[in-house]
Amino acid sequence: MAKALDLYDKEEFYRCLQCAVCTGSCPSAQVVQGFNPREIILRYMLYGEQEEVLRDENLWACTTCHACQERCPHEITITGLLTHIMNLAARRGNLPRNLRETILLMAKTGWSVRANPHSDKVREQLGLKPLKRPNSEEIRMILREAGLGEIMEL
Amino acid sequence: MKISIFTGCVIPIKYPGMEAAMRFLAPRLGIELADVKFGCCPAPIGLKAVHFDAWLALAARNLCLTEEKGLDVVTLCSGCTNTLRETNHILAQDEKKRLFVHDLLRRLGKEYQGSMKIFHLPELLAQEEILARLKERRVRSLAGLKVGTHYGCHYFRPTASMTDGPRDPLFPLPDSMELILEALGAQVVEYNRQDLCCGAALSINAGKSEESLRIALEKIGWMNEAGLEALAVACPACFTQFDTGQLLLSRREPALRTLPVFHIAELVAYALGAEAETLNLKSHKISPTALGAAAPTVG
């Protein structure tokens, strides 16, 4: 379950000074009430409010722009932590509908965008070759083997 | 130079004009494109946030496909660039992840070695030799056009894996698009908070379209203040955010001064002689009239 955190050094999160450079740099914190990277570190790592944080739908406001991480004076991999938290939240069913549908579409077709007759027509008009379908069976197999089945039925 | 083209999913389906631009410019700049049946990259704002290992394994599969052909790969999207390059970086650094991915791909008869280079289109074109060819072969100049750039966060962050050498964290932007635009004769204009995220992921992932547009609006405000007449992007998600975003914003705020948005491939192809129809510029929501001012270069 904690696989995603393998990449990141847990200890570093305890170096957080709560200085809020991360929040000041965060595009989403500017516009989404209740989303604040500094507070997520405080609650998740220091207060141990993991269950509450994992249930918070606002987690998904992170655009993964990495501005927080780049600017952190202690070089804490904040986006790495947020990615880890989103991964765990998804396993508990906290996953926005849009995102779930996009991933299911990708598992089905190999692409995250739905191919449609209009785009085929425009491609033809522009002299582009028809779309080459990826091997979606192979893609589904990889998704299953990697464990995505824990989150959604493939 | 022969190289695999990684179009991603959004461009060939939603913005085929950008793909047409790429296929127009490549042969004119001495680049031969090889088509490979890649799947979704998958997106750093999508699957990576939901299931890291599945994201990594699927990206490694794409890398195997180009490696099997012995070719480097060029993308048209900052997100695709990020996924492929980060994956290459992680698999080189992290043994546990590497073993996991090797084991999984071996069962499909694939072997990942990591020998390929991953280019984003602007950095491929910003190489000295190709820039020189671009200057020599362009038939239109963008002289007089004030253009700014928006790179897309995933093209340059995290800097540890996405860039060579250190970069100022307070101004981390690359300069590849600036080099290209200057070669096209355009006047490059900087603007405030240029490295601010476009905000697209807020609506794509979390369905927070209102909040997402507010970020775009802030950026448009700074662009206007700096006097931009056009914006160059390197990512279809950022393109939607600014192109469709400005249309939505201007419906609410009719006084909003809008500016046309271009994928850098479109501007290069246009300068190399592609017509607006070839590039399907009519599909832009914000009418790309700025290009009308671009005068043909003599000779």
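Given the structure is predicted, the values throughout are model-derived calculations rather than measurements.

## Describing the overall build of chain A
Thought 1: A count of helices and strands for chain A gives nine helices and zero strands.
Thought 2: For chain A, the sequential pattern of α-helices and β-strands runs α-α-α-α-α-α-α-α-α.
Thought 3: Relative to the 2.2 N^0.38 estimate, which gives 15 Å for 154 residues, the radius of gyration of chain A is 19 Å and therefore markedly larger than a compact globule would have.
Thought 4: With respect to the principal axes defined by its C-alpha atoms, chain A has extents near 55 × 35 × 25 Å.
Thought 5: Every one of the 154 residues in chain A was classed for burial, and the buried ones make up 41%.
Thought 6: Expressed as a percentage of contacts within chain A between residues at least 6 apart in sequence, the contacts between residues at least 24 apart total 66%.

## Notes on the interface of chain A and chain B
Thought 1: Taken together, the contact between chain A and chain B spans 53 residues of the former and 56 residues of the latter.
Thought 2: Counting only elements with at least two residues in the side of chain A that touches chain B, the list comes to helix 2 (27–31), helix 5 (67–71), helix 6 (78–91), helix 7 (97–109), helix 8 (117–125) and helix 9 (136–146) of chain A.
Thought 3: Per element, the largest residue contribution to the side of chain A that touches chain B is six residues, and it comes from helix 9 of chain A.
Thought 4: Here the side of chain A that touches chain B is built from residues that sort into 30 nonpolar, 15 polar and eight charged.

## Topic: the pairing of strand 5 (residues 146–150) of chain B
Consecutive residues of a regular strand have side chains that alternate between opposite faces of the sheet.
All names here are of chain B.
Thought 1: Counting buried residues in strand 5 gives four out of five residues, a clear majority hidden from the surface.
Thought 2: The pairing of strand 5 with strand 6 (residues 187–188) spans two bridges and is classified as parallel. The partner of Val-147 across the bridge, within strand 6, is Val-188.
Thought 3: Note that strand 5 and strand 7 (residues 230–233) share four bridges and pair parallel. Note that in strand 7 the partner of Thr-149 across the bridge is Ala-232.

## What to know about the nonpolar core
Thought 1: Within the largest apolar cluster, 147 residues are counted, with the highest numbers of intra-cluster contacts made by A:Ile85, A:Met86, B:Ala21, B:Ala232, B:Ala265, B:Val268 and B:Ala269.
Thought 2: Per-element tally for this core: the top contributor is helix 4 (residues 52–68) of chain B, with ten residues.
Thought 3: Among residues more than four places away in sequence, those in contact with A:Met86 are A:Leu59, A:Trp60, A:Cys62, B:Ala49 and B:Val50.

## Things to note about unusual backbone geometry
Thought 1: Residue B:Cys41 is joined to B:Pro42 through a cis peptide bond whose omega torsion reads -10°.
Thought 2: Mapped onto the elements of the fold, B:Pro42 is located in the loop between strand 2 (32–35) and helix 3 (47–50).
Thought 3: Put simply, B:Arg157 and B:Pro158 share a cis peptide bond, and its omega is -5°.
Thought 4: Counting through the fold element by element, B:Pro158 comes out in the loop between helix 9 (153–156) and helix 10 (159–162).
Thought 5: Despite not being glycine, A:Ala20 has its phi angle at roughly 75°, a positive value.
Thought 6: Classification of A:Ala20 as partly exposed rests on a count of 16 C-beta atoms within 10 Å.
Thought 7: Although it is not a glycine, B:Arg193 sits at a positive phi angle of roughly 50°.
Thought 8: With respect to the helices, strands and loops of the structure, B:Arg193 is situated in the loop between strand 6 and helix 12 (200–204).
Thought 9: Taking the number of C-beta atoms within 10 Å as the measure of exposure, B:Arg193 has 12 and is therefore exposed.

## A short note on the sheet that holds strand 3 (residues 73–75) of chain B
Residue and element names in this part refer to chain B.
Thought 1: In spatial order, the strands read 2-1-3-4; together these four strands make up an open sheet with parallel pairing. The open sheet has two free edges, formed respectively by strand 2 and strand 4 (118–120), since each of these has just one partner strand. Each strand of the sheet is rotated relative to its neighbour by a mean of 40°, with strand direction disregarded.
Thought 2: Bridging between strand 3 and strand 4 involves three bridges; their strand directions are parallel. Paired with Val-74 across the bridge in strand 4 is Phe-119.
Thought 3: Against the sheet, helix 5 (residues 78–93) makes contact with strand 1 (2–6), strand 3 and strand 4, and its axis sits at roughly 160° relative to strand 4, the strand it touches most.

Analysis parameters
Residues numbered from 1 in each chain as written. Chains lettered and ligands numbered in written order. Predicted model: local features only at pLDDT ≥ 70, side-chain atom pairs only at ≥ 80, totals over all residues. Helix = DSSP H or I, 4+ residues; strand = E, 2+ residues; numbered from the N terminus. Rg over C-alpha atoms; globule rule 2.2 N^0.38 Å. Buried ≥ 20, exposed ≤ 12 C-beta atoms within 10 Å, placed from the backbone. Contact = placed C-beta atoms within 7 Å. Nonpolar A, V, L, I, M, F, W, Y, C, P; charged D, E, K, R; others polar. Pairing = 2+ DSSP bridges. Core = buried A, V, L, I, M, F, W, Y, C linked by C-beta atoms within 7 Å. Axes fitted to C-alpha atoms, helices over the stretch in contact; angles between N-to-C directions.

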